[in-house]
Amino acid sequence: MNILVTGANGQLGNEMRIVSKGSKDVYFFTDVVEVEGQNTTMLDITSLEAVRQIVSDCEINVIVNCAAYTNVDKAETDQDFCELLNAKAPKNLAIAMKEVGGLLVHISTDYVFGGDPYNTPCKEDKKGTPTGVYGLTKLHGEQNIQNSGADYLIFRTAWLYSEFGKNFVKTMLNLTATKPQLKVVFDQVGTPTYAYDLAKAIFDIIENRKYTGNTGIYHYSNEGVCSWYDFTKMIAEYSGQTGCDILPCHSEEFPSPVKRPAYSVLDKTKVKETFGVNVPYWTDSLKKCINNLSK
Ligand SMILES: NC(=O)c1ccc[n+]([C@@H]2O[C@H](COP(=O)([O-])OP(=O)(O)OC[C@H]3O[C@@H](n4cnc5c(N)ncnc54)[C@H](OP(=O)(O)O)[C@@H]3O)[C@@H](O)[C@H]2O)c1
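Residues numbered from 1 in each chain as written. Predicted model: local features only at pLDDT ≥ 70, side-chain atom pairs only at ≥ 80, totals over all residues. Heavy atoms only, no water.

Caption draft 1: Region of the structure containing the layout of surface pockets. The space that makes up the second largest pocket amounts to roughly 160 Å³. Looking at the second largest pocket, the residues that line it are Tyr196, Asp197, Lys200, Ala201, Asp204, Tyr220, Gly276, Val277, Asn278, Pro280 and Lys288. Top contributing element to the lining of the second largest pocket by residue count: helix α6 (residues 195-207), with 5 residues. The residue inventory of the lining of the second largest pocket, partitioned by class, reads 5 nonpolar, 2 polar and 4 charged. (1 Å grid on protein atoms, 1.4 Å probe; cavity = no way out; pocket = protein on both sides within 12 Å on 5 of 7 lines; lining within 4 Å. Points joined across faces, edges and corners; volume = space filled by probe spheres on them. Helix = DSSP H or I, 4+ residues; strand = E, 2+ residues; numbered from the N terminus. Nonpolar A, V, L, I, M, F, W, Y, C, P; charged D, E, K, R; others polar.)

Right, dumping it as structure tokens:
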């Protein structure tokens, strides 16, 4: 089969490059910009014609959409473009896959929830209640795909980090190395997700054709629960940066344009039972990522 990866220069896209090495399928890596040293075909997924063209030229059977507008705070003042990239562009991909009888694998987020607080891990059928533009546009993207008639897998994930791009782990590695003291919120809990683990799960499902008959939405984060404070403590410990005094604080100390839920944990029972995927514990994966970054 021929597999198209969009947003291949982002966190998840780069992990897809790694996990798909040696695949029996042929992978095509695309993004809207070229990065030196990366083999990337240009593709702007906001153009339906461009998407149709590459699907036809490369005889694509599956699209893995790793492209998105991911700046949650900036989205509040950039709604039209955010909607274009997070809602209209996934519709383009779904239309193109429907036309050739292919599969769209799409990534969504725990930010589709939040307006209706919960305190036990959240299942896939919970109603979306976003609190900001990013979450709302990601929810629209899900709905557009569901209404397209194409076969799809949507993976909602959370707190994504990797060796690539900008993310919380890399920011905290820098801050704990350079600051004597750091305050981090302890009143928001969730589960970090190593993008490599999610990419591996997606790759395994495609490589072994496990998606047949399993169209739908799935939750995937790492296992366990922690606050951003706990997450930072572990980042500092695993990197050996113990010189920084890390203190817990309340969210009010860091005002943000978007209200973040106090509890945002995804229930992963469905993805494990349907596909038999392995979901590592969050600290085990964090250790691996920090080891890779230190190489
Ligand atoms: N990051 C998180 O914490 C998090 C949490 C939950 C869910 N998610 C979801 O997980 C998925 C992957 O996130 P990520 O963190 O890997 O994203 P990312 O690192 O921001 O990568 C997104 C990639 O898409 C590219 N892109 C932007 N506009 C495009 C266009 N018009 N056509 C094609 N590509 C375009 C970006 O290029 P530029 O950089 O040049 O714009 C970037 O390379 C997204 O769907 C995101 O919503 C992320």
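Caption draft 2: Highlighting a nonpolar patch on the surface. Taken together, Val32, Val33 and Val35 make up a surface patch of nonpolar side chains, about 230 Å² in accessible area. Residue position: Val35 is located in the loop between β2 (26-31) and β3 (41-42). Given a relative accessible area of 37%, Val35 falls into the partly exposed group. (Patch = residues over 30% accessible without salt bridge, like charges linked within 9 Å, V, L, I, M, F, W, Y side chains within 5 Å. Areas by Shrake-Rupley, 256 points an atom, 1.4 Å probe, with all protein chains shown as cover. Salt bridge = Lys/Arg side-chain N within 4 Å of Asp/Glu carboxyl O. Buried < 20%, exposed > 50% of the residue type's maximum accessible area, 1.4 Å probe, protein only.)

Caption draft 3: Spatial organisation of the pairing of β2. Pairing geometry for strand β1 (residues 2-6) and β2, over 4 bridges, is parallel. In the sheet register, Ile3 faces β2, and the bridge partner there is Tyr27. In this fold, the crossover linking β1 to β2 by way of helix α1 (residues 11-19) has right-handed handedness. Inspection of the sheet shows β2 paired to β3 by 2 bridges, in the parallel sense. Its bridge partner lying in β3, Thr30 is registered against Thr41. (Pairing = 2+ DSSP bridges. Right-handed = clockwise from strand over helix to strand, strands pointing away.)

Caption draft 4: Up close: the site of the ligand. Lining the immediate surroundings of the ligand are 26 residues, of which Asp31, Asp44, Thr70, Tyr134 and Lys138 lie closest. A distance of 2.8 Å separates an oxygen atom of the ligand from a polar side-chain atom of Lys138. In the environment of the ligand, an oxygen atom lies 3.1 Å from a nitrogen or oxygen atom belonging to the backbone of Leu160. Of all the secondary-structure elements, those providing two or more residues to the shell around the ligand are α1, β5 (103-109) and α4 (133-146). Ranked by residues supplied to the shell around the ligand, first place goes to β5 with 3 residues. (Near = heavy atom within 4 Å. Polar contact = N/O pair within 3.5 Å; in protein donor to acceptor, adjacent residues only side chain to side chain.)

Caption draft 5: Seen up close, the sheet that holds β1. The 7 strands lie next to each other as β3-β2-β1-β4-β5-β6-β11, forming an open sheet whose pairing is parallel. Two strands close off the open sheet at either side, each with one partner strand: β3 and β11 (216-219). Strand direction decides the pairing type here: β1 and strand β4 (residues 62-65), joined by 4 bridges, are parallel. The partner of Leu4 across the bridge, within β4, is Ile63. Those strands touched by α1 are β1, β2, β4 and β5, and its axis lies near 155 degrees from that of β2. (Contact = heavy atoms within 4.5 Å. Axes fitted to C-alpha atoms, helices over the stretch in contact; angles between N-to-C directions.)

Caption draft 6: Representation of the sheet that holds strand β12 (residues 226-227). Taken together, the 3 strands give an open sheet; going across it, the order is β12-β9-β14, and neighbouring strands pair in mixed fashion. Each of the sheet's edge strands pairs with one partner strand only, and the pair in question is β12 and β14 (263-264). With 2 bridges connecting them, strand β9 (residues 189-190) and β12 associate as antiparallel partners. Bridging across to β12, Val189 finds its partner in Ser227.

Caption draft 7: Inspection of the pattern of salt bridges at higher detail. All told, the structure shown has 10 salt bridges when counted by the stated rule. Among the ionic pairs, Arg209 bridges to Asp25, the shortest N-O distance being 2.8 Å. Here Asp25 lies in the loop between α1 and β2 and Arg209 lies in the loop between α6 and β11, a separation of 184 residues in the sequence. Residue Lys268 is joined to Glu223 by a salt bridge in which the shortest nitrogen-to-oxygen separation is 3.8 Å. On the criterion of sequence distance, the pair formed by Lys268 in the loop between β14 and α8 (269-275) and Glu223 in the loop between β11 and β12 is long-range, its members being 45 residues apart. Linked through salt bridges whose partners overlap, the residues forming this network are Glu49, Arg52 and Glu99.

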